[in-house]
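Inside the fold
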Amino acid sequence: MAKQDAVAQAVATVPEAQTILKIVQEAAKEVKLDPVHLVRIAATQIRLNPKLAQCTPASFIGGLIVLEQVGLEPVAGRAYLLPFMNNRRTGRVVNGKDEWIKQYEVQALIGYKGYSDLFYRHESALSIESRTVHQNDKFEYEYGTQSFIRHKPAVKDRGPATFYYCIAKMKDGAVLFLVMSKEECIEHGKKHSKVYSKRDGKFMPGTPWDTDEDSMCKKTVLLQLTKNLPLSIETQKALSIDETSREYRPGISSALDLPDTTNWTEEEPIETAEIVPEDSNKKEGPPDKQLPEKDKSPLPDNVLQAIANARTKVGDKIFLKVLGGLSYEKVEDIPNTQVANKLLKELSEAYAQSK
């Protein structure tokens, strides 16, 4: 009780927090969750990370509820609620141009402990184990018809982490495992995680990849292994909401039905699914003369850069398929930013489905 009182006092002086907690209480009743329990979790999260109180209530509540509805809570590394700056269009036109605003929104992220918990909910699951291998450990593994893995941790001075592995055992006797080097895990995170800043060349401060790299590497291996495992319904749902933003809307009983509105930037918009008009976010880029006259694109440099970044993420095969679906053979054929927005939106959806 003393701990709960301390949490309440910590957020009592923050007006934004009080507004969010009141909405959490009402939303919990609508989706048939325990209001007292949900408000307690929300208050604790705001106390641990006050910036969450600056996020839009809809995204905070959407993230909180969607985790609850897949059976996870943002505690003990099982899941996280993370504040990020989002740049989005308001729908209004000012001086003949679309109006854009920046606002903090919440992203739900699931940790490896959360995925481990969900694994056990499948009727065929027996056990799952994730481990870190250090430089001075004795470690051997082999894939193939005689696959094996042996790991004997050093008693002292284990040295830096070098590998991560995950072993899943099923009730029918099947044993599956996967090993990845630390470098492979980090590179995978850089490529697929929305919290990696290409502008700064590092993971965003305060995110699990920044504060708990070991756990995120374990999560990476576990997620790759799940491609060969039977998945519980809860795990399938978790995969669909991991690292996304969901805006709560009254009248919707399941937050899983809410669309993914993730469109992360850092403090400045650098990669968005919808393009910030160039006049409001001018970026340096290669001069037009670097392209032959016949291959010049009518799109501004910041739009072309966003398309190039999206192409890198999804790969050439998916990129060209989506581009062809819009009846274009190359980027230079795209006539305007409206079509570019549609291309980037479809690439974002294709990328989410491929993860």
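Structural notes, computed from the coordinates. Values in this document were obtained by computation on a predicted structure and should not be read as measured data. (Residues numbered from 1 in each chain as written. Predicted model: local features only at pLDDT ≥ 70, side-chain atom pairs only at ≥ 80, totals over all residues. Heavy atoms only, no water.)

**Notes on the overall build of the protein chain**
Note the cut-off: Where helices and strands are cited, they refer to DSSP runs of H or I of at least four residues and of E of at least two residues respectively, numbered from the N terminus. Think of it in three bands: residues with accessible area under 20% of the maximum for their type are buried, residues over 50% are exposed, and the middle band is partly exposed, with areas taken using a 1.4 Å probe on protein chains only. Here a residue-residue contact requires only that any non-hydrogen atoms of the pair lie within 4.5 Å. Accessible surface area values rest on a Shrake-Rupley calculation with a 1.4 Å probe, where residue burial reflects the displayed protein chains alone.
Each helix and strand in the protein chain was counted, giving 12 helices and 10 strands. Burial status across the protein chain gives 43% buried among its 355 residues. Counting only contacts in the protein chain whose residues sit at least 6 apart along the sequence, the fraction spanning at least 24 positions is 63%. Approximately 18,800 Å² of the protein chain is accessible, and the part contributed by carbon and sulfur atoms is 50%.

**Considering the packing of aromatic side chains**
Put simply, the rule reads: Any two rings among Phe, Tyr and Trp, with Trp reduced to its six-membered ring, count as a pair given centres within 6.5 Å; such a pair is stacked if its planes are under 30 degrees apart, edge-to-face if over 60, and tilted if neither.
For the structure on display, the rule yields nine aromatic pairs. Their ring planes at 75 degrees and their centres at 5.7 Å tell us that Phe119 and Tyr120 sit as a pair that is edge-to-face. For Phe119, a relative accessible area of 7% corresponds to the buried category. Ring-pair connections join several aromatic residues into one group, and the members of that group are Phe139, Tyr141, Tyr143, Phe163, Tyr165 and Phe177.

**Topic: the packing of helix H6 (residues 182–192) against helix H8 (residues 213–225)**
Packed helices, taken two at a time, are described by the angle their axes make and the gap between the axes. Selection criterion: The axes used here are C-alpha line fits, helices contributing only the stretch in contact, and every angle between their N-to-C directions lies in the interval 0 to 180 degrees. An angle counts as roughly parallel when it lies under 35 degrees, as roughly antiparallel when it exceeds 145, as roughly perpendicular when it falls between 65 and 115, and as oblique in every other case.
Contact geometry for H6 and H8: axes closest at 9 Å, N-to-C directions at 85 degrees. Overall, the two elements H6 and H8 adopt an arrangement that is roughly perpendicular. Contact residues: H6 offers Lys182, Cys185, Ile186 and His188, while H8 offers Glu213, Cys217, Thr220, Val221 and Gln224.

**Observations concerning unusual backbone geometry**
In the Ramachandran plot, Lys32 falls in the positive-phi region, its phi being about 60 degrees despite a non-glycine side chain. When its relative accessible area of 74% is taken as the criterion, Lys32 is described as exposed. One non-glycine residue, Asp157, lies in positive phi territory at about 45 degrees. Residue position: Asp157 is located in the loop between strand S5 (148–152) and strand S6 (161–170). Taking the relative accessible area as the measure of exposure, Asp157 reaches 66% and is therefore exposed.

**A closer look at the side chain of Thr235**
As a reminder of what qualifies: As used in this structure description, the phrase polar contact means that two N or O atoms lie within 3.5 Å; if the pair is within protein, one of them must be able to donate a hydrogen and the other to accept it, and residues adjacent in sequence are counted only when both atoms belong to side chains.
As for its placement among the helices and strands, Thr235 is situated in helix H9 (residues 233–241). Overall, Thr235 belongs to the buried group, its relative accessible area being 5%. In terms of polar contacts, Thr235 uses its side chain to reach the backbone carbonyl oxygen of Leu118, at 3.4 Å. If near-sequence neighbours (up to four positions away) are discounted, Thr235 is found in contact with Tyr115, Leu118 and Phe119.

**Description of the packing of helix H5 (residues 112–119) against H8**
The test is simple: Note on residue classes: Ala, Val, Leu, Ile, Met, Phe, Trp, Tyr, Cys and Pro are nonpolar, Asp, Glu, Lys and Arg are charged, and everything else, Gly too, is polar.
Packing of H5 against H8 leaves a shortest axis separation of 8 Å and a crossing angle of 35 degrees. For the pair formed by H5 and H8, the contact residues are Tyr112, Tyr115 and Ser116 on the first element and Ser215, Lys218, Lys219, Leu222 and Leu223 on the second. Partitioned by chemical class, the residues of the contact of H5 with H8 number four nonpolar, two polar and two charged.

**Some remarks on the nonpolar core**
Threshold: Only buried Ala, Val, Leu, Ile, Met, Phe, Trp, Tyr and Cys residues count toward a nonpolar core, and they belong to the same one when joined by side-chain atoms within 4.5 Å.
With 61 residues, the main nonpolar core has Val24, Phe60, Leu64 and Leu67 as its most contacted residues. The contacts of Leu64, once residues within four sequence positions are left out, are Val24, Leu38, Ile41, Ala42 and Leu81. With 19 residues, the next largest nonpolar core counts Val303, Val314, Val322 and Val331 among its residues.

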